[in-house]
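Architecture and fold: a report
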Amino acid sequence: VVVLDEVGLAEDSPNLPLKALHPLLEDGTEGGDDSQQIIDRQQRVAFIGISNWALDPAKMNRGVMVTRGDPDEDELKLSARGICSNRVDDPVKERLDPYFRPLAAAYKNICEEQDRRKRAFFGLRDFYSLIKMLYWMCEKSNCPPTGPQLEHAIKRNFGGLDSFKTYEMFMNDLGDLGSNPPDLSNASEERKEILHPDCTPLGLIKTSLRTKEITWHGENRYL
């Protein structure tokens, strides 16, 4: 099986590179000229193309289109649990479990607000990155997410639009879960940074610019 990820991006090329797929998708030939060779059935491979939008009819008519709608809250919660770990007895995942549904509900509310404004800025990758960041925090601190950790992770992954109050939208769904104060008594400087990360704009930028070796989370989608 040949998987072509983001195959829709090639549609924008003026050279039309995807035309090379037409004979292969249609009947397994190597080309369309007089010297074309029929590929043995045993040597033919299946194509799977992943795209954010439909391709042109010439290719769509040569295959089967499978579309995926927006996930609901149950599917988002299931995905969040899978992102954290595939272990059944993962204590970190269990500490995060009460947060999955309100986080999923807040994300759905953000998507609905984006639809009303007709401006899609945040997507599933941001939600998945948020879950991974919170999992790392819980794993390092050995406790549920603190209020500052939630604020930091939300602003790192759902910030960037002054007119879009994403942090407040998450807090509305998290309720009391979003106000867990950190216990900084007898904590080392490293642990204080984990339990109470800097949530100021400058602090968010500094953390994003650090490398994986010296920061508590090295995967960043945005500055």
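Our subject is the structure that appears above.
Being a predicted model, the structure only gives us computed values, none of them experimental.

**Quick notes on the nonpolar core**
By size, the foremost hydrophobic cluster in this structure holds 34 residues, and its most contacted members are Leu96, Leu103, Phe127, Leu130, Leu134, Phe158 and Phe170. Mapped by element, the contributors of at least two residues to this core are helix 3 (73-84), helix 4 (91-117), helix 5 (124-141), helix 6 (147-158) and helix 7 (166-174). Counting residues per element, this core draws most heavily on helix 4, which supplies 10 residues. Excluding residues that lie within four positions of it along the chain, Phe170 makes contacts with Leu103, Ala106, Tyr107, Ile110, Leu130, Ile154 and Phe158.

**Structural notes on the pattern of salt bridges**
Counted under the stated rule, the structure contains 10 salt bridges. Note that Arg116 is salt-bridged to Glu113, the shortest N-O span being 2.6 Å. In this pair, Arg116 and Glu113 are both assigned in helix 4, three residues apart and thus about one turn of the helix distant. Notably, a salt bridge pairs Glu151 with Lys155, separated by 2.7 Å at the nearest N-O pair. Taken together, the residues span about one helical turn, with Glu151 and Lys155 both in helix 6 at a distance of four residues.

**Topic: a nonpolar patch on the surface**
A cluster of nonpolar side chains, namely Val1, Val3, Ile48 and Ile50, defines an oily patch on the protein surface of about 380 Å² accessible area. Residue placement: Val1 occurs in the segment before strand 1 (2-5).

**Quick notes on the packing of aromatic side chains**
Enumeration according to the criterion identifies seven aromatic pairs in this entry. With a centroid separation of 4.9 Å and 90° between ring planes, the pair formed by Phe121 and Phe122 is classed as edge-to-face. Among the aromatic side chains, those forming a connected cluster through ring pairs are Tyr107, Phe121, Phe122, Phe127, Tyr128, Phe158, Phe164 and Phe170. The cationic tip of Lys155 hangs over the ring face of Tyr167; the distance from NZ or CZ to the ring centre is 5.3 Å.

**Topic: helix 9 (residues 201-209)**
Considered for burial, the residues of helix 9 that qualify are Gly203, Leu204, Thr207 and Ser208. Mapping the buried residues of helix 9 onto a view down its axis gives an arc of 130°, with all of them on the same face. Away from its buried face, by an angle of more than 90 degrees, helix 9 presents the exposed residues Pro201, Leu202 and Leu209. Lining the buried residues of helix 9 we find helix 6.

**Considerations on the packing of helix 4 against helix 7**
Where helix 4 contacts helix 7, the axes come no closer than 8 Å and their chain directions differ by 140°. In terms of their interaxial angle, helix 4 and helix 7 are classed as oblique. When the axes of helix 4 and helix 7 are compared, the crossing they make is right-handed. Across the interface between the two elements, Tyr99, Pro102, Leu103, Ala105, Ala106, Tyr107, Asn109, Ile110 and Glu113 from helix 4 touch Thr166, Met169, Phe170, Asp173 and Leu174 from helix 7. Taken together, the residues of the contact of helix 4 with helix 7 break down into 10 nonpolar, two polar and two charged.

**Thoughts on the packing of helix 3 against helix 5**
Contact pair helix 3 / helix 5: the axes reach a minimum separation of 9 Å and the direction vectors enclose 45°. Relative to helix 5, the element helix 3 is oriented oblique. For the element pair helix 3 and helix 5, the recorded crossing hand is right-handed. For the pair helix 3 and helix 5, contact is made by Leu76, Ser79, Ala80, Ile83 and Cys84 and by Leu124, Phe127, Tyr128, Ile131, Lys132 and Tyr135, respectively.

**Observations concerning the side chain of Thr166**
Tracing the sequence through the fold places Thr166 in helix 7. Apart from residues lying up to four places away in sequence, Thr166 is in contact with Ile110, Phe122 and Phe158.

Thresholds applied
- Residues numbered from 1 in each chain as written.
- Predicted model: local features only at pLDDT ≥ 70, side-chain atom pairs only at ≥ 80, totals over all residues.
- Heavy atoms only, no water.
- Core = buried A, V, L, I, M, F, W, Y, C linked by side-chain atoms within 4.5 Å.
- Buried < 20%, exposed > 50% of the residue type's maximum accessible area, 1.4 Å probe, protein only.
- Helix = DSSP H or I, 4+ residues; strand = E, 2+ residues; numbered from the N terminus.
- Contact = heavy atoms within 4.5 Å.
- Salt bridge = Lys/Arg side-chain N within 4 Å of Asp/Glu carboxyl O.
- Patch = residues over 30% accessible without salt bridge, like charges linked within 9 Å, V, L, I, M, F, W, Y side chains within 5 Å.
- Areas by Shrake-Rupley, 256 points an atom, 1.4 Å probe, with all protein chains shown as cover.
- Phe/Tyr/Trp six-rings, centres within 6.5 Å; stacked < 30°, edge-to-face > 60°.
- Lys NZ or Arg CZ within 6 Å of the ring centre and 35° of its normal.
- Arc of directions from axis to C-beta.
- Axes fitted to C-alpha atoms, helices over the stretch in contact; angles between N-to-C directions.
- Parallel < 35°, antiparallel > 145°, perpendicular 65-115°, else oblique.
- Left-handed = near helix turned anticlockwise from the far one by under 90°.
- Nonpolar A, V, L, I, M, F, W, Y, C, P; charged D, E, K, R; others polar.

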